Amino acid sequence: MYMPTNTLDLRDMPPAERHPKIFEAFESIPSGEALTIINDHDPKPLYYQMAAEVDAFDADAYQVEREAEGKFVATLPKE
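We now turn to the structure provided with this report. Small disclaimer: the values here were computed from a predicted structure and weren't measured. (Residues numbered from 1 in each chain as written. Predicted model: local features only at pLDDT ≥ 70, side-chain atom pairs only at ≥ 80, totals over all residues. Heavy atoms only, no water.)

Another aspect to go through is the pairing of strand 3 (residues 63–68). Here strand 3 runs beside strand 4 (residues 71–77); their pairing, made up of 5 bridges, is antiparallel. Residue glutamine 63 lies in a different strand from strand 4, and its bridge partner there is threonine 75. (Pairing = 2+ DSSP bridges. Helix = DSSP H or I, 4+ residues; strand = E, 2+ residues; numbered from the N terminus.)

Okay, the environment of phenylalanine 26 next. Relative to the assigned elements, phenylalanine 26 resides in helix 1 (residues 15–28). Filtering out sequence-adjacent residues up to four positions away, phenylalanine 26 remains in contact with Leu35, Met50, Val54, Ala56, Phe57, Leu76, Pro77 and Lys78. (Contact = heavy atoms within 4.5 Å.)

Now for the pattern of salt bridges. Throughout the structure, instances matching the rule amount to 4 salt bridges. Notably, a salt bridge pairs lysine 71 with glutamate 67, separated by 3.4 Å at the nearest N-O pair. Residue lysine 71 is classed as partly exposed on the basis of its relative accessible area of 25%. (Salt bridge = Lys/Arg side-chain N within 4 Å of Asp/Glu carboxyl O. Buried < 20%, exposed > 50% of the residue type's maximum accessible area, 1.4 Å probe, protein only.)

Encoded structure:
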């Protein structure tokens, strides 16, 4: 079980700035913790990018839930 340590609400952020901000925040959290993001769409492209490029990303423990129209909450766990 990963402990969330940081939450980013990306819904008001320009799309071009989102992935760099996520990668920066993910890098700053300790191993065994998780970054939670709130997005306006399913962050499936982010999942694939993280799985391919970030060794510390635990793709098997990744979770995403659609909480409302335009609100997806994803947990990015760090090994």
